[in-house]
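# Fold and geometry: a report
Each chain, letter by letter, is given below.
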Amino acid sequence: MAFESRGATALTGLYRHPIVQAPMAGGPSCPALAAAVSEAGGLGSLAAGYKTPAAMYEEIKQLRARTAAPFGVNLFMPHTPAADPAAVEVYAEQLAGEAAWYGTPLGDTDLPCDDAYDAKLAILLDDPVPLVSFTFGCPDRAVVESLARVGTVTVVTVTSVAEARAAHAAGADALCVQGTEAGGHQGTHRDDPRLDGTGAGVGLLTLLAEIGESVDLPMIAAGGLMRGAQIAAVLAAGAVAAQLGTAFVPCPESGAHALHKRALTDPEPVFTGTELTRAFSGRPARGLVNRFLREHGPYAPAAYPQVHYLTSGLRKAAAAAGDPQGMNLWAGQGHRLSRELPAARLVEVLAAELEAARGPSARGEESGTGGYGVAGQGGQSSAKRGSES
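Residues numbered from 1 in each chain as written. Predicted model: local features only at pLDDT ≥ 70, side-chain atom pairs only at ≥ 80, totals over all residues. Heavy atoms only, no water.

### Digging into the overall build of the protein chain
Where we set the bar: Every helix listed is a DSSP run of H or I at least four residues long, and every strand listed is a run of E at least two residues long, numbered separately from the N terminus. Exposure is judged per residue with a 1.4 Å probe applied to protein chains only, and the accessible area is read against the type maximum: over 50% gives exposed, under 20% gives buried, and values in between give partly exposed. Methods summary: accessible areas were calculated by the Shrake-Rupley approach with a probe of 1.4 Å, and residue burial reflects only the protein chains presented.
Secondary structure summary: the protein chain contains 15 helices and 11 strands in total. Within the span of the protein chain, comprising 389 residues, buried residues form 57% of the whole. As presented, the protein chain carries roughly 15,300 Å² of accessible surface, and 53% of it is formed by carbon and sulfur atoms.

### Overview of the pairing of strand β6 (residues 174-178)
This is how it is decided: For crossovers, right-handed means that the path from the first strand over the helix to the second runs clockwise, given strands pointing away from the viewer. Paired strands are those between which DSSP finds at least two bridges.
For β6, the tally of buried residues reaches 5 of 5 residues, placing the bulk of the element in the interior. In this fold, strand β5 (residues 153-158) hands off to helix α8 (residues 161-170), which returns the chain to β6; that crossover is right-handed. Two strands pair when backbone bridges link them, and β6 and strand β8 (residues 219-222) are joined in this way by 4 bridges, in the parallel orientation. Bridge pairing links valine 177 to alanine 221 in β8.

### Considerations on the confidence of the model for the protein chain
A low pLDDT score tells you not to read the predicted coordinates there in detail. Just so we agree on the cut-off: Every residue gets a pLDDT, meaning the predictor's confidence in that residue, from 0 to 100. Should any heavy atoms of two residues lie within 4.5 Å, those residues are considered in contact.
Model confidence for the protein chain is summarised by a mean pLDDT of 91, while 90% of its residues fall at 70 or above. A low-confidence stretch, residues 365-389 stays under pLDDT 50, and its non-local contacts, those more than four residues away or across chains, total 56 contacts.

### Notes on α8
Burial in α8 covers these residues: Val161, Glu163, Ala164, Ala167 and Ala170. For α8, the elements touching its buried residues are α7 (141-149), β5, β6 and α9 (204-212).

### Quick word on the nonpolar core
Rules: Think of a nonpolar core as a cluster: buried Ala, Val, Leu, Ile, Met, Phe, Trp, Tyr and Cys residues, connected wherever their side-chain atoms sit within 4.5 Å.
In terms of nonpolar packing, the biggest core is built from 93 residues, with Leu175, Ile211 and Phe248 touching the most fellow members. The contact partners of phenylalanine 248, leaving out residues within four places of it in the chain, are Ile19, Val20, Gln21, Met24, Leu33, Val37, Ser254, Ala343, Leu346 and Val347. The next biggest cluster of nonpolar side chains, apart from the first, holds 14 residues, and it includes Val20, Val153, Ala174 and Ala222.

### So, the sheet that holds strand β7 (residues 184-185)
Reading across the sheet, the 3 strands line up as β7-β11-β10 and stay open at both edges, with antiparallel pairing between neighbours. Where the open sheet ends on each side, the last strands, each with one partner, are β7 and β10 (274-277).

### Examining the sheet that holds strand β3 (residues 71-76)
Put simply, the rule is: In this analysis an axis means a line fitted to C-alpha atoms, helices contributing only their contacting stretch, and an angle means the value between N-to-C directions, from 0 to 180 degrees.
One open sheet accounts for 8 strands, arranged β1-β9-β8-β6-β5-β4-β3-β2; its pairing is parallel. Where the open sheet ends on each side, the last strands, each with one partner, are β1 (19-21) and β2 (44-47). Between one strand and the next, the sheet's axes are offset by a mean angle of 25°, whatever the strand orientation. Here strand β4 (residues 131-135) pairs with β5 via 4 bridges, running parallel. What sits directly across from valine 132, in β5, is threonine 154. With respect to the sheet, helix α2 (residues 31-39) is in contact with β1, β2 and β3, its orientation differing from that of β2 by roughly 160°. Across the sheet, helix α6 (residues 117-126) touches β3 and β4, and the angle it forms with β3 is around 160°.

### Some remarks on the pairing of β2
A two-sided burial pattern is seen for β2, the buried positions comprising Gly44 and Leu46 on one face and Ser45 and Ala47 on the other. Where β2 and β3 come together, 4 bridges link them in parallel fashion. Across the sheet, the residue bridging to glycine 44 is phenylalanine 71, located in β3. Crossover β2 to β3 through helix α3 (residues 53-66) is right-handed.

### Overview of the side chain of glutamate 98
Spelled out, the test is: A 3.5 Å cut-off defines polar contacts: any pair of N or O atoms within that distance qualifies, except that in protein one atom must be a possible hydrogen donor and the other a possible acceptor, and neighbouring residues in sequence count only when both atoms are side-chain atoms.
The residue glutamate 98 is located in helix α5 (residues 96-102) in this model. Under the relative-accessibility criterion, glutamate 98 is labelled buried at 6%. Here the side chain of glutamate 98 touches arginine 291 through a polar contact of 2.7 Å, side chain to side chain. Apart from residues no more than four positions distant in its own chain, glutamate 98 is found in contact with Arg291, Phe292, Glu295, His296 and Leu314.

### A word on the packing of aromatic side chains
Put simply, the rule is: Only rings of Phe, Tyr and Trp enter the pairing, Trp through its six-membered ring, and a pair is recorded when the two centres are within 6.5 Å. The plane angle decides the type: under 30 degrees is stacked, over 60 is edge-to-face, the rest tilted.
Tallied over the entire structure, the rule returns 5 aromatic pairs. Aromatic pair phenylalanine 280 and phenylalanine 292: ring centres 4.8 Å apart, planes at 20°, arrangement stacked. Taken together, the positions of phenylalanine 280 in the loop between β10 and β11 (285-288) and phenylalanine 292 in helix α12 (residues 291-296) put the pair 12 residues apart, joining distant regions of the chain. A relative accessible area of 2% means that phenylalanine 280 is categorised as buried.

The structure is reproduced here in structure tokens:
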């Protein structure tokens, strides 16, 4: 049964509150934020994506200096180059006006596509961390087993039943189930441009039900979650924890740019909606709709990470110029519920909201189960567990 598996017990033992701070690559996730969340009883996360192995390891050391509490590190799975060079070149020509406007050259697209995966993995095997999660794919069984041998819990981000089954076959301890509501990149294992604009993305609650009835692994729910009542809902739907990203972006400890934070919390918002776009990276990612997204999103090719490299200088120049219209303002669908709170205080507030939403019976005060009850200890619905026990 799922709640008796190594994955469930090992995962739930890493936090006091079932609140995971999402590993947000590109700046928001940093040692200060992760430490504050972990110290408050949640599970803080570092994002290794886009960093050199040395930079990743330096952040791990900084985090350990701030807290002895458990934390996670997220790796991007390496990509096999599949982009059409001609399509990338056409997009570069379209962006020439942006380069002239911001006074910066477009980036070099002829760079490695593996994000130094092997070197980062070697560091995490040599000096293990409590949890390692994977995005944009699934590691093979040998990698999962090597991490298990050093005591590391493994989590694979999934967006479909097929991806969840692949993670189960590889021996992953747990799943991060990402609904289409999530901010930032969709963690799909295979980027299929034929699905763009078709509404193929599945909402979080539906996805939890589908995966929960198909795969016997504990689930961390991710996608648009901003309040404790929403966390209660995903726990009732079979998750063991909730992963929140956008909610932590405005925190003072977050490494997000001040313009990004302001875009989420301004009481008179300039940006009121989100869309999935390839405009900034070549992969579908949800962000606030700004000028750059509107003008270039419809024409951006399926070319990750080439488009990421191409627009990197533009995004930095826009931020330096104080222009949020040219920045990638990643945000989930719940972004208007953002709160400007210190990270530890936010964890406390979310935990209190969760407790209030679940009531005394669900918390185990009447049933004697303790903690967050059975719903917070397994990854499957009761029907699924009953059919297998």
